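# Observations on chain architecture
Chain by chain, the residues:
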Amino acid sequence: MANTTAAEAHAHHPPHLQHHFVTSEQQFDAAKQGMWLFLITEILLFSGMFVAYTVYRVWHPEVFAQASELLDWRLGMLNTIVLLTSSLTVALSIHFAQQDKQRQMLICLVLTILCAGLFMFVKYIEYTGKFSHGIFPGAGYAPHGDYASYDIAYAPLFFSIYFVMTGIHGFHVLIGMGIFIWLITRVARGHFSSAYYTPVELTGLFWHLVDIIWIFLFPLLYLI
Amino acid sequence: MESATQPVGAAPQAAEAPPSGTHNYLTHERGLWSWLTTIDHKRIGILYAISLATFFLVGGVLAMLVRMELLTPGETIMGADAYNQSFTLHAVVMVFLFLIPGIPAVLGNFILPIHIGAKDVAFPRLNLASWYIFMIGATFAIGSVLVGGIDTGWTFYTPYSSQGSNAVLFMTTAVFIAGFAGIFTGINFIVTVHKMRAPGMTWNRLPLFVWAIYSTAIVQVLATPVIGITMVLLFLEKFMQIGIFDPALGGDPVLFQHFFWFYSHPAVYIMILPAMGIISELMGTFSRQKVSGYTFIALSSVAIAFLGFLVWGHHMFVAGQSPISSIIFSMLTFLIGIPTGIKVFNWVTTMYRGSVWLQTPMLYALMFLFLFTIGGLTGIMVGVLAVDVHLHDTYFIVAHFHYVMMGGTVIALIGGLHYWWPKITGKMYNERAGKIAAALVFVGFNLTFFTQFILGSRGMPRRYYDYADLLDRHPEFLGLHQASTVGSWILALGLFLILFYMLWSLFKGKQAPQNPWGALTLEWTHTTTPPSPHNFDRTPLVTRGPYDFYLADDVFGPRHTGDGAGDGAAQEGA
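Since we're looking at a predicted model, the values are computed, not measured.

Per the secondary structure count, chain A includes seven helices and zero strands. Counting helices and strands in the order they occur from the N terminus, chain A gives α-α-α-α-α-α-α. Over its C-alpha trace chain A gives a radius of gyration of 22 Å, far above what one expects of a compact globule, namely 17 Å for 224 residues. By principal-axis analysis of the C-alpha atoms, chain A measures approximately 75 × 35 × 25 Å. Within the span of chain A, comprising 224 residues, buried residues form 34% of the whole. When contacts within chain A are restricted to residue pairs at least 6 apart in sequence, long-range pairs at least 24 apart make up 73% of them.

What follows deals with the overall build of chain B. When helices and strands are counted, chain B shows 19 helices and two strands. Here the C-alpha radius of gyration of chain B, 24 Å, is about what a compact globule of 574 residues would show, namely 25 Å. A principal-axis box enclosing the C-alpha atoms of chain B has dimensions of 75 × 50 × 45 Å. Here chain B holds 574 residues, and the buried ones make up 57% of them. A separation threshold of at least 6 residues defines the contact pool for chain B, and within that pool the share at least 24 residues apart is 83%.

Residues and elements named next belong to chain B. Ranked by internal contacts, the top residues of the largest apolar core, which has 229 residues, are Ile190 and Ile279. The element contributing the most residues to this core is helix H8 (residues 208-240), with 21 residues. In this structure Ile279 touches Trp347, Ala365, Phe368 and Ala412, once residues within four positions along its chain are discounted.

In this section: the interface of chain A and chain B. Counting from both sides, the interface comprises 30 residues of chain A and, opposite them, 37 residues of chain B. Listing elements by their share of the side of chain A that touches chain B, those giving two or more residues are helix H2 (24-59) and helix H6 (155-188) of chain A. No other element matches H2 of chain A, which puts 15 residues into the side of chain A that touches chain B.

As a further point, take the packing of helix H5 (residues 102-132) of chain A against H6 of chain A. All names here are of chain A. Contact geometry for H5 and H6: axes closest at 10 Å, N-to-C directions at 155°. Judged by the angle between their axes, H5 and H6 are roughly antiparallel. Seen from above, H5 lies across H6 with left-handed handedness. When H5 is examined against H6, the residues Gln102, Met105, Leu106, Leu109, Val110, Thr112, Ile113, Ala116, Gly117, Phe119, Met120 and Lys123 are found in contact with a partner set consisting of Thr166, Gly170, Val173, Leu174, Gly176, Met177, Phe180, Ile181, Leu183, Ile184, Val187 and Ala188.

Quick look at the confidence of the model for chain B now. Chain-level pLDDT for chain B is 91 on average; 94% of the residues reach the 70-or-more range. Here the predicted complex scores 0.92 on pTM and 0.91 on ipTM.

As a further point, take helix H3 (residues 80-99) of chain B. Relative to the 28 Å expected for 20 residues at 1.5 Å per residue, H3 of chain B spans 27 Å between its end C-alpha atoms, a close match to the ideal helical length. The buried count for H3 of chain B comes to 16 of 20 residues, which makes it a mostly enclosed element.

This paragraph deals with the packing of helix H7 (residues 167-195) of chain B against H8 of chain B. Residues and elements named next belong to chain B. Two elements in contact, H7 and H8, have axes separated by 7 Å at closest approach and are oriented at 155°. It follows from the interaxial angle that H7 and H8 lie roughly antiparallel. H7 and H8 meet at a crossing whose hand is left-handed. Residues of the contact of H7 with H8, tallied by class, amount to 22 nonpolar, nine polar and one charged.

In this section: unusual backbone geometry. Residues and elements named next belong to chain B. Pro159 follows Thr158 through a cis peptide bond whose omega is 0°. Note on placement: Pro159 falls in the loop between helix H5 (124-146) and helix H6 (160-163). Across the junction of Thr529 and Pro530, the peptide omega takes the value -10°, indicating a cis bond. Secondary-structure assignment places Pro530 in the loop between helix H18 (522-525) and helix H19 (552-556). Not every positive phi belongs to a glycine, and Arg288 is a case in point at roughly 50°. By the element assignment, Arg288 lies in the loop between helix H9 (253-287) and helix H10 (294-307). A positive phi is found at Arg353, a non-glycine position, where the angle reads about 60°. Its place among the elements puts Arg353 in the loop between helix H12 (337-351) and helix H13 (360-382). Under the C-beta neighbour-count criterion, Arg353 is labelled exposed, with 9 such atoms within 10 Å.

Let us look at the environment of Leu499 of chain B. Residues and elements named next belong to chain B. Tracing the sequence through the fold places Leu499 in helix H17 (residues 476-508). Residue class for Leu499 comes out partly exposed when judged on the 14 C-beta atoms lying within 10 Å of it. It is 30 Å that separates the C-alpha atoms of Leu499 and Lys343, two residues lying 156 residues apart in sequence.

Once that is clear, we can look at the environment of Leu493 of chain B. All names here are of chain B. Summarising the element assignment, Leu493 is placed in helix H17. Under the C-beta neighbour-count criterion, Leu493 is labelled partly exposed, with 15 such atoms within 10 Å. When sequence neighbours within four positions are dropped, the list of residues in contact with Leu493 reads Leu440 and Gly444.

Moving on, we get to the environment of Gly164 of chain B. Within the secondary structure, Gly164 of chain B is located in the loop between H6 and H7. Along the chain, Gly164 of chain B and Thr152 of chain B lie twelve residues apart, while their C-alpha atoms are 8.5 Å from each other.

Procedures and definitions
- Residues numbered from 1 in each chain as written.
- Chains lettered and ligands numbered in written order.
- Predicted model: local features only at pLDDT ≥ 70, side-chain atom pairs only at ≥ 80, totals over all residues.
- Helix = DSSP H or I, 4+ residues; strand = E, 2+ residues; numbered from the N terminus.
- Rg over C-alpha atoms; globule rule 2.2 N^0.38 Å.
- Buried ≥ 20, exposed ≤ 12 C-beta atoms within 10 Å, placed from the backbone.
- Contact = placed C-beta atoms within 7 Å.
- Core = buried A, V, L, I, M, F, W, Y, C linked by C-beta atoms within 7 Å.
- Axes fitted to C-alpha atoms, helices over the stretch in contact; angles between N-to-C directions.
- Parallel < 35°, antiparallel > 145°, perpendicular 65-115°, else oblique.
- Left-handed = near helix turned anticlockwise from the far one by under 90°.
- pLDDT = per-residue confidence, 0-100.
- Expected span 1.5 Å × (residues − 1).
- Nonpolar A, V, L, I, M, F, W, Y, C, P; charged D, E, K, R; others polar.

Spelled out as structure tokens, the structure:
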């Protein structure tokens, strides 16, 4: 509302509406635009590593193809399905928020966090499996036993990229899990409704980004 | 005193702003805690101003030490290792802790919301968080000094940086953290300009300062994450030897340079675009004329922001990249001179047949035109491959970037600081002291850095601790280095004078009128001096452009005289 004084504006506004915004829609739109911009920065953060992967893959295609045989594509596929499911559950939670269905919203968020936990557990299995065979990033690369035949030049580079990319991605999954815990406590206290569910929406956007990064990581590292 | 008649297009009650000096954003709350927990964009701008002034002082002292060492051949005041650490830290502090946050964090934070008619930025709490994140990053930078310092140069090239001291770990962490402050500020400004403009404030009525900050914010958002990942990779390279930059493990050290410069070139546009925005404001106000070519200046900011991402390879002409790459980067580098030149021509045209008022801010704007043009043209010169092969890593490059970064960004920042000082503090600085200091800065700057063009073109390499071995073939290097050092003293004198009279004005300065410059942008016409906490009594309704001086009668009242309306000493308007 243009030209209203501060006093008039104070008179009646929803509790979640911050003072520098005029309407709830403006505040929600601004929050979403801000979140999308942040997601773009995250994409650029990961793109540095995708560039490194591309450069080294172009230079040593056969080494990369051979080294990726050591990654179990079935575990990778499982993680892909898990993350896609978690994107579904978080989208559903937003849908239920819009419909004021508090219980279903809560259940979907809990399911999301369980999926995320499962993803991290599978990653844990993968990582410990690699370590037990002497596969470490970079200078620590020393495959032994069954994997001794993979002790070839430039293979350490593949695994450096593998560990750094999936490591930073996994770090973002952990951050997401933390945010979901916070979100669930707020849902349980009834902070959100169809009138105000911005944190749920923004967390959902973040989670979709985490998912989509994995969608690119999986084929590049595991399948080709 | 405000105009007695109603400003065209403004809400009827806008002329009734309370007189200066009563309830404003400085007096609204008191005490250190109110400052450390503020979410007012104006106070956050001041927090940044104090931090950045401190870092500028630190970086400046380091520069003085570097120049002092070069006063005589051989050791003058420090050994070679200390010298390498000095120039490294000088640049790191100046680039990451002063120039990059620079104008957006200080003047952008303070002025941008008012320029668009908003009460605050879109995300005020994120704004405060940005400052804290920045300070934490700065703490890590200081930490790197305490654990032994780095001597890699601010560019941290591998393999030296990945194999050297552990202080590099602190510094990469510092840059990574401080980068997030820039990203959040950029996000904040973009959303603010999109979502929080007052009614009637169309994109074509935005002050050019806003266009400049907006373009800068785009660069901040897109480029800064790349230095983030570069620092992470450097950290991991050092900490875990992942080998991505190490040939022994199959990596490539030049890849680091590509990553580093993919951010650091756009970073220099983060530094200069806001400066250009300030110059647009100064040119318009102090020529009392519509800024020539508004659309061209606005769109050229966006063009520079975009083109800035395509030229990073011009830092690597001699790094071993292919000739084809070098040729392409060279051509793109020439291209970016075009929107830049468009701006300079438009600023000059703005003055033509205007009513030019040579107050201190305008002196700095004119200084910018001269110094930045030299800096920009020498940049085009070194964009020529055959020239750069000889001039790369010489003092010519050092002079080039100081002319654009200091002669450009810092001069514009000082001009903007003088321009907006009355609005921010409610005080007028001493105009005669301003002019004297400007003269000292101009003379000192040129003596310091023009000599370096000569040094570099005759072959003096940069980052060299000692030039004794070069004096046989180049005896002129001694005189040139000494002249440059003396210049640094004059420059420092001018800058300290500015600091002194600005601080003095806080305590003893004359009370500022609401609009000492007779400007037409919202911060001058619709807010008190200093502004109230929420900037505006009522949301402004905008129906004119920011430089429509032909409407001055409607804004200031028909009884205003040509000099009365803008005279810093006289009463405003009625």
